[in-house]
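Residue-level structural notes
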Amino acid sequence: MTIRRLLRCGLVTCCLLAHCLAAADSEPVAGKKPLTEMPSVITVPLAAQPSDHFDPEAATNAYLAEIPAAARARSDAYFEGGYWFMLWDFLYGVVVALLLLNLRWSAKMRDLAEHITRFKPLQTMAYWVQYLLLTSILIFPLTVYEEYFRERKYGLATQTFAPWFLDQLKGLAIGSVFGLIALPILFGIVRRLPRTWWIWGAVVMMAFQILFVLIAPVYLVPIFNKVTPLKDPKITQPILSMARANGISVHDVYQIDASKQTTRMSANVSGFGHTMRITLNDNLLKRGSPEEIQAVMGHEMGHYILYHVYTFLMFLLIVVVAGFALLRWALEWSLKRWGEKWQIRGIGDTAVLPLVVLLGTIFFFLLTPVMNSAIRIQEYQADMYGVNASRQPDGMAQAAIHLGEYRKMSPGKWEEWIFYDHPSGRSRIYRAMQWKAENLQLFKEAVSK
Ligand SMILES: [Zn+2]
């Protein structure tokens, strides 16, 4: 996983995302609009308008019917292709790790590191630099296809190759700094505490995870993008009013120039403690309707007020401790069998790193549905908080449709359970319409005024 992708999702809880090809105007230019782009629903479909016989199911279907067949086919293809890439990424990672071990490249990198310096922490650092460079080069063909060519093919990327590649290098630099600090500490623990290293290792891992979340919005995101406090009064007025109503201070709302890299609309809650903030991206601000922006903003406020960053970290703590316990057992088991062949002297030997990465890759691959479901449950909670805070069920439906540009709208039940880290577009629209059905008086009053 690249650092950019880590910043885009993972712990920096990512949210209602959708894609935008249009320019600053919300008015689509006739003839220029690609067939595959999701519609901006200007008027609420008839079946979703308030009436005495309002039916959430019919309203949901009316919204879904606004999506042109070509747009739906393209988004389904993009998203279903992503399922396969989960598998290819996994297998590719496994092959790279096995190459490093079986060809004894890992042992050779360790030997070179030991040749350079006699000081253990510096040896670990020298090994890490070689490891990171070698694996980045080996994985590059897959990365460039998946994150550059494929994103361009589906009209989601806005960068040409050079700036994209520069972003990759920046990500690599950040990854190398984190490794240079974390690995000597982790290997130091393993060497000094041979029995309890897995507990302390998990604690240090979590401390680094929290540090990462803490500094990401303030120091890491600005390496890639410009982040500024939200200013445009047309947009800020209703948002700030909603923020006040939910006890969120004005300084916690920012915008980011994500259109530099992507056409996707997005917003997120990131940070930890005093760096925690809500960020809306410029694609959303340019293309979203005011109702839609308010619905998305309500959703983000949900994450913020419900302390989702903290509860997710608590969940992650359990996963990491369980992971380290399994790791300890699996490392001993594999080294007993193949340690000599791979020329790895033991768990405290830096040459063991590809094996650790291999086991971690298998662990998280098997855990995919669990991780997705943990995030999806938070996203569902944020959706419900958002519709209550914003009272914009139609804005929420519109956001779900825009999001459908790169997420399949109507998956099967198991498909959603395994692959979706957000509720599907269809369930989001349905829940919004169910909320609307139970709060129809709000909309009838608006009509009679
Ligand atoms: Zn969210």
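In what follows, the structure referred to is the one given above.
What comes next concerns the included structure.

Cut-offs used in this document
- Along every chain, residues carry numbers that run from 1 in the direction the sequence is written.
- Under the rules for a predicted model, residues below a pLDDT of 70 receive no local features and side-chain atom pairs below 80 are neither given nor counted, while totals for whole chains, interfaces and linings still include all residues.
- Remark: hydrogens and water are excluded; side-chain values derive from all non-hydrogen atoms of the structure.
- Only buried Ala, Val, Leu, Ile, Met, Phe, Trp, Tyr and Cys residues count toward a nonpolar core, and they belong to the same one when joined by side-chain atoms within 4.5 Å.
- Throughout, exposure labels follow a simple rule: accessible area from a 1.4 Å probe, protein chains only, divided by the maximum for the residue type, with under 20% read as buried, over 50% as exposed, and the rest as partly exposed.
- For the purposes of this entry, the term helix denotes a DSSP run of H or I that reaches at least four residues, the term strand denotes a run of E that reaches at least two, and both are numbered from the N terminus.
- Contact between two residues is taken to exist if any of their heavy atoms lie within 4.5 Å; hydrogens are not considered.
- Only residues whose relative accessible area exceeds 30% and that form no salt bridge enter a patch; like-charged residues are grouped when within 9 Å of one another, and nonpolar side chains (Val, Leu, Ile, Met, Phe, Trp, Tyr) when within 5 Å.
- Accessible surface is estimated by sampling points in the Shrake-Rupley manner with a 1.4 Å probe; for residues, cover comes only from the protein chains shown.
- The term salt bridge refers to a pairing of a side-chain nitrogen on Lys or Arg with a carboxyl oxygen on Asp or Glu at a separation within 4 Å.
- Following DSSP output, two strands are said to pair if at least two bridges run between them.

**A word on the nonpolar core**
In this structure, W197, I239, I278, L280, M297, L331 and L355 are the most contacted members of the largest nonpolar core, which totals 77 residues. Among the elements that take part in this core, helix α11 (residues 308-342) stands out by supplying 12 residues, more than any other. If we ignore the near neighbours within four places in the chain, the residues touching I278 are I248, D252, V253, Y254, N268, V269, M297, E300, M301 and Y304.

**So, a nonpolar patch on the surface**
Judged by side-chain polarity, V95, L99, L103 and W105 come together as a nonpolar surface patch covering roughly 310 Å² of accessible area. Tracing the sequence through the fold places V95 in helix α3 (residues 69-102).

**Quick notes on the pairing of strand β5 (residues 267-270)**
Burial along β5 is two-sided: A267 and V269 facing one way and N268 and S270 facing the other are all buried. The antiparallel pairing of β5 with strand β6 (residues 277-281) creates a hairpin that spans six residues between the two strands, and G271 there sits at a positive phi of about 95 degrees.

**Observations concerning the environment of A325**
The topology assignment puts A325 in helix α11. Residue classification places A325 among the partly exposed positions, given a relative accessible area of 32%.

**Some remarks on the pattern of salt bridges**
Across all of its chains, the model carries 13 salt bridges by this definition. Between R426 and E57 there is a salt bridge, and its shortest N-O distance comes to 3.5 Å. In this pair, R426 is assigned in helix α16 (residues 425-438) and E57 in helix α2 (residues 56-65), connecting sequence segments 369 residues apart. Judged by relative accessible area, which is 25%, R426 ranks as partly exposed. Overall, the relative accessible area of 34% leaves E57 in the partly exposed class. Notably, a salt bridge pairs K170 with D167, separated by 3.8 Å at the nearest N-O pair. Taken together, the residues span about one helical turn, with K170 and D167 both in helix α6 (residues 161-192) at a distance of three residues.

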